Structure formats: structure tokens, C-alpha cells
Amino acid sequence: MKFVSIGQMSASIIGLGTWQIGTNSWGWGVDFGPTDVEKILDAALDSGINLIDTAELYGQGESERQLGMYLADGARDFLIASKVSPWHLDETGVYEAAIRSLERMQRPFVDLYQVHVPNPLMPIRKTMAGMRRLLSENRVREIGVSNFSLKRWKQAEIALGTPIVANQVEYSLLFPNTFNALRTMLDHNHVIIAYSPLAMGLLSGKYNGDAKPSGARSTHPAFSRRNYQNVRRVLEVVEKVAKAHSALTSQIALAWVISHPNVIAIPGAKSVEQVRQNAAAVDIQLTLSEIADLTEVSDSYKTA
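What you are looking at is a predicted structure, and each value in this text was computed from that prediction instead of being measured.

Criteria and thresholds
- Residues numbered from 1 in each chain as written.
- Predicted model: local features only at pLDDT ≥ 70, side-chain atom pairs only at ≥ 80, totals over all residues.
- Heavy atoms only, no water.
- Buried < 20%, exposed > 50% of the residue type's maximum accessible area, 1.4 Å probe, protein only.
- Helix = DSSP H or I, 4+ residues; strand = E, 2+ residues; numbered from the N terminus.
- Pairing = 2+ DSSP bridges.
- Right-handed = clockwise from strand over helix to strand, strands pointing away.
- Expected span 1.5 Å × (residues − 1).
- Contact = heavy atoms within 4.5 Å.

Draft legend 1. Fine view of the pairing of strand S5 (residues 79-84). Within S5, 6 of the 6 residues are buried, leaving the element largely enclosed by the surrounding structure. With burial as the criterion, each face of S5 is covered, one bearing Leu79, Ala81 and Lys83 and the other bearing Ile80, Ser82 and Val84. Bridge count for S5 against strand S6 (residues 110-115) is 4 bridges, and the pairing is parallel. Along S6, the bridge assignment pairs Ala81 with Leu112. A crossover links S5 with its parallel partner S6, the connecting element being helix H3 (residues 91-105), and its sense is right-handed.

Draft legend 2. Region of the structure containing helix H4 (residues 124-136). Over its 13 residues, H4 extends 18 Å from the first C-alpha to the last, a length consistent with the 18 Å expected when each residue adds 1.5 Å. Buried residues of H4: Thr127, Met128, Ala129, Gly130, Met131 and Leu134, and no others. Against S5, H3, S6, strand S7 (140-146) and helix H5 (150-160) lie the buried residues of H4. Just past H4, the residue Asn138 takes up positive phi, approximately 60°.

Draft legend 3. Region of the structure containing the sheet that holds strand S8 (residues 166-170). In spatial order, the strands read S3-S4-S5-S6-S7-S8-S9-S10; together these 8 strands make up an open sheet with parallel pairing. Two strands in the sheet have a free side with no partner beyond their single neighbour: strand S3 (16-17) and strand S10 (263-265).

The structure is reproduced here in C-alpha cells:
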């Protein structure tokens, strides 16, 4: 595993997203369930993954509760990131939401606490006042944001008065523009955490215009037959690179994301096998030519 600094912490460059835990639309209770959570976490630890990302929104808190059942004893040495919902962004709301998250996760502090989505109706200074209180009480170690533009990220950092070390944004071969939009902010104090690095599974190679995932994703326009024709052009290049490395298409898609400096990918996983496959993407060394080919086809992709 490779690691990158998030403030004072060292995080694995491949993390584990847990939106799927407790969320019915991702197959919770059908494709996998509570008995799988411990196995997934153990596989993550065995694979060198130490960053786990969750949120109070995921499964209406169920993701945090499920994680808490297996993390409370401190036996697993993970960095835990969580997020406050956009309707809890005044000073008191941020503080109380964090306390509830800590109670669900049965932890004294969270390593990275993020604003899930900006709320344009709530002044950022009020949100950051709540974050400063959490920092002063050692309830959180570092502050982050999510889905913030470059301008909002800078404004939030000024309001906080200390580095906001991460911005969690959608970033993949099918959604490539966020890196360039934020790259001037990236340095040893600031990283991108890429969510949906496999584009909800479109880059896994498992789906096509006819074969679709279960749950809410099956009706998402990205999985339509019409759009898949555009996805196919990207996958053809990914598959060519994958063949050269004896790798999976999903691993090449992840390897491209983390080939960019100061970027962490947090794919989700519903099985031990998926965790191990995702973690193994760090061992793939893409050539400059392969990165250029993938970037070119990524830039040409348009959603139908």
C-alpha cells in the first residue's frame, strides 16, 4: 500500500467508502448485510487500507452504527472520516451532529470531519465556528469539505483559520474535470478524496446497456443503453491497458485516479474480494503513454 498525508495523518492512497453499508439502494440486506461488515473491514486492514469514509447521511446513520460495532474496541487501527449533512451547518448543528456520529461509531473522536455538501444559505463562518469548537475539544483531528469548488474551499479555509486538508469530490475516468479545477490547491496540506472512482460501477466492466446493477442505480441515466455506447469507448481503452497489466478494468480505472498527485480514491466494496481487488490497484504502474491514452479518452467522454 502507498500512503499520502492528510494533515497530521498518513492515509492509504486507496481507502474504503461505506455509502453502501446500511443503504438499501446499494443492495444492503439483499446482496450483503451486517455479517459481511467485519469481513470487509478485516480484508481492508489486511490489504493495507487504513482510511474508512462514512457519513451521517449514509443509511440515515446506519453506516456509522455498523462501523461502530466493529471499531469500538480500537482493535482495528483505522483512520475514520465522516461528514455532517448540509442541513446541520450552523455552529450548534455541526457540533451536535458530530457528537451523534461519535456516539453511533462509539469513538471519542473522528480523524477527519467533513462538510458533506455546501449550503449556500448558511454562512461558512458559522459552519467553521462549529468545526473550531470540535477541534478545540479534540473531538476531531482534521477538517475537510466535500463537493466544494476551489473558491468555496479557499473561503472555508479562511473562515476556519487553519488548513482544510481535504476536499472529497466525484472523480473518475467518466468525471475527470474536478482534478484540474482543484489542482492549484493541492499540496502537502491539501488533498482530493475521490468518491465514485469507478463511476458507480460503470468502470468495473460488469455492466452494459442490458446488464444493470440492482437497486436505485439501475434507473440512473448513466446506465442507460444510449449512454453505455459512450462508456464503451472509454472501456475499450481501459480494457487494452488492463490486458497489458493482466489486471481488471476496475483496477486500471483506480490506478489512473491515484496516478495524479495528492489524490486518494475511496471505492466502495460489498465483498472481501472487491476490497482486495481495489487495494491491489496500487501495485499497477501505468506508463506515461498509458496515462496519456486514458486521459485522452476520458476527456472525450460525454454523458448521453
